[in-house]
Structures are given as C-alpha cells and as structure tokens.
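Examination of the molecular architecture
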Amino acid sequence: KILNDNTQMIINIFKSCLQNEVGQLINPISNCAYPGDLTVYKESDFWNGKPHESVFNYGLTRRLIVALSESYYQEYEFSSCNLVLSNMYGPNDHFDEERSHALGAFIKKINDAKINNKKTVNIWGTGSPIREWLYVKDGAKAMIKAMELEKGSYFLNIGVNKGISIKELAEKIADLMNWKGEFEYDTEKPDGALEKRVDGTNSYTQLKWKPEVSLDSGLKETIDWYVKQTNK
C-alpha cells in the first residue's frame, strides 16, 4: 500500500505541476531513500544500493521523485529541486509515540514522567544508533534558498553532518528538562540503521546555505514550546 499510494501521488504531483504551468517544484525528501548500508549520505552514492529494509518501500518512492525530476526536465524543461533533509524537529512537530521521531517521543515521555512523578522512561533498542537532527527553521530556510536556483533539475543534501547517539540524545533532553530519572532500554525492539548522517557540503556552495541553530538551542526552543502547549 505504501509503495502503491505514494507512487500514484508523486506521479500526480508532477503531472499537475506541468499541466498548471508551475514554475518550479521544491521536493523535501527523507534521507531513508539512500542505500541502507551507508553511514554518511553523499549525493554521489544515492543510487549505489537498496534502501534499508525497514523503510524499503517508502525509500523507493522517494527515489522515484528524483528520477521523475530528471526526466521531466529533460523532456519538458520543468524545473525542480530535490532536497534530502536530515531528521527535522522543532515546534509543531509530532510528539506522539506512534508518529514521531525519537526526539519528539523523548520530549513527550520525559514530560509525562515529570507530571506523573515516574522515575523511568522506556526507550526502544539499545540506544547506540547515531542520528542527525536539523532544526525546522534551518530546513525551511534551505527550501526558500532553493527557490532562487536557475532552471534545472537539482538534487542536494541538507544536513549538519554531525550525529548523536539515541542514548546521548535522551540524556541531553532529560538534562534540559531537569528530569533525574533513568532510562530502560528495550533491546528486543529494533535499532534500525546503526548510523545516519547527511553530508550537506554541496548545498553550502550551491544554495549558499548553512545550518545556524545548534542542537542545544533547537532542543531548548522545542522543549519550551511543547511544555507550554501541553501543560497549559
């Protein structure tokens, strides 16, 4: 269903853009489209292997976007820019356990633990996988910068190329939220890919963009927003 539904949506988007004479399409793409055996994602390696098995079907549909982008420019001179973004976070993110990334889930779990005076919080997996986090305002600025590109088909990474383990991230959030409890790791749950980092070097030159918000600053803004919204 994921492969079927997403494929149809992507084809419809490109067809509709062409029919309605859209000047340029900006596509934010998940980094799960990259080969599953990579730890650092570079544009030149995009087609060198299959997406990770845990996100295989969804990853294939993101690759379709890149392929259609190239073919539509060759055949119709329709311009688009595909931006592979690190895991984004920030205010107005998903924070429920079913839909959120680890970062949002940790904020919710720790806030709940504080409210309910719980001394432990459960975390899926071993805590060892390394992930990269991009503050939503930095990601938005990159997409705005992409609108200034000349006509063409573009494929660029948007990332900080600096990761942090799930364990370290959870501990950092607990510290910022002043929670003194302990984490319990459910090692029967999968870790997924062991490391994911996005090399954004090309975007620094082509878009004249660089991330501006540090992880600590972004986390503080996100936590403050979530606590204010949840604990009214």
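Residues numbered from 1 in each chain as written. Predicted model: local features only at pLDDT ≥ 70, side-chain atom pairs only at ≥ 80, totals over all residues. Heavy atoms only, no water.

Focus: the overall build of the protein
Heads up, the rule is: The helix count covers DSSP runs of H or I at least four residues long, the strand count covers runs of E at least two residues long, and both are numbered beginning at the N terminus. For the radius of gyration, the atoms used are the C-alpha atoms, and the globule rule reads 2.2 Å times the number of residues raised to 0.38. A simple rule labels every residue: compare its accessible area, found with a 1.4 Å probe on the protein chains alone, to the largest value its type can have, and call it buried under 20%, exposed over 50%, or partly exposed in between. Only heavy atoms enter the contact rule, under which two residues are in contact if any of them lie within 4.5 Å. Each accessible area is a Shrake-Rupley result for a 1.4 Å probe, and residues are judged covered by the shown protein chains and nothing else. The sign given to each residue is positive for Lys and Arg and negative for Asp and Glu; His and the chain ends receive no count. Each charge is placed at NZ for Lys, CZ for Arg, CG for Asp and CD for Glu.
Counting its regular elements, the protein contains 7 helices and 10 strands. Relative to a compact globule of 232 residues, whose C-alpha radius of gyration would be 17 Å, the protein shows 19 Å and is just as compact. With the C-alpha coordinates aligned to their principal axes, the bounding extent of the protein is approximately 60 × 35 × 30 Å. Among the 232 residues that make up the protein, the fraction classed as buried is 42%. Sequence separation of 24 or more characterises 83% of the internal contacts of the protein that already satisfy a separation of 6 or more. Of the roughly 12,700 Å² that the protein leaves accessible, carbon and sulfur atoms contribute 49%. Averaging the positions of the 29 positive and the 32 negative side-chain charges in the protein gives two centres separated by 4 Å.

Some details on the nonpolar core
Nonpolar side chains tend to gather and get buried jointly when the protein is soluble and globular. Here is the rule: In plain words, nonpolar cores are sets of buried Ala, Val, Leu, Ile, Met, Phe, Trp, Tyr and Cys residues tied together by side-chain atoms within 4.5 Å.
Of all hydrophobic cores here, the largest spans 23 residues; its most connected members are Leu 103, Ile 107, Ile 110, Leu 169, Ile 173 and Phe 183. Elements supplying a minimum of two residues to this core: helix 3 (102-115), strand 5 (120-124), strand 6 (130-135), helix 5 (166-176) and helix 7 (215-230). Setting aside residues up to four positions removed in sequence, Ile 173 forms contacts with Leu 103, Phe 106, Ile 107, Ile 110, Leu 219 and Ile 223.

A closer look at the layout of surface pockets
Quick reminder of the rule: Here a cavity denotes a set of grid points, spaced 1 Å apart and computed over the protein atoms alone, in which a 1.4 Å probe fits but from which it cannot get out, and a pocket denotes an open set meeting protein on both sides within 12 Å along at least five of seven lines; residues with an atom within 4 Å of a point are reported as lining. Grid points are joined across faces, edges and corners, and a volume is the space filled by probe spheres set on the points. Three classes are used, and their members are as follows: Ala, Val, Leu, Ile, Met, Phe, Trp, Tyr, Cys and Pro are nonpolar, Asp, Glu, Lys and Arg are charged, and the others, Gly among them, are polar.
By volume, the second largest pocket is sized at about 290 Å³. Taken together, the elements giving at least two residues each to the lining of the second largest pocket come down to strand 6, strand 8 (163-165) and helix 7. Considering every element that reaches the lining of the second largest pocket, the biggest residue donor is strand 6, with 3 residues. Counted by class, the lining of the second largest pocket contains 8 nonpolar, 2 polar and 5 charged residues.

Examining the packing of aromatic side chains
Aromatic rings in a pair are described by how distant their centres are and how their planes are angled relative to each other. Keep this limit in mind: Any Phe, Tyr or Trp ring, taking Trp's six-membered ring, that has another such ring centre within 6.5 Å forms a pair; planes under 30 degrees apart are called stacked, those over 60 apart edge-to-face, and the others tilted.
Throughout the structure, instances matching the rule amount to 14 aromatic pairs. Here Tyr 34 and Tyr 41 contribute two aromatic rings whose centre-to-centre distance is 4.7 Å and whose plane-to-plane angle is 0°, an arrangement assigned as stacked. For the pair Tyr 34 and Tyr 41, a shared accessibility class is recorded, and that class is buried. Consider the rings of Phe 95 and Tyr 226, whose centres lie 4.6 Å apart with planes at 40°: the pair is tilted. Linking Phe 95 in the loop between strand 4 (87-89) and helix 3 with Tyr 226 in helix 7, this pair joins segments that are 131 residues apart in sequence.

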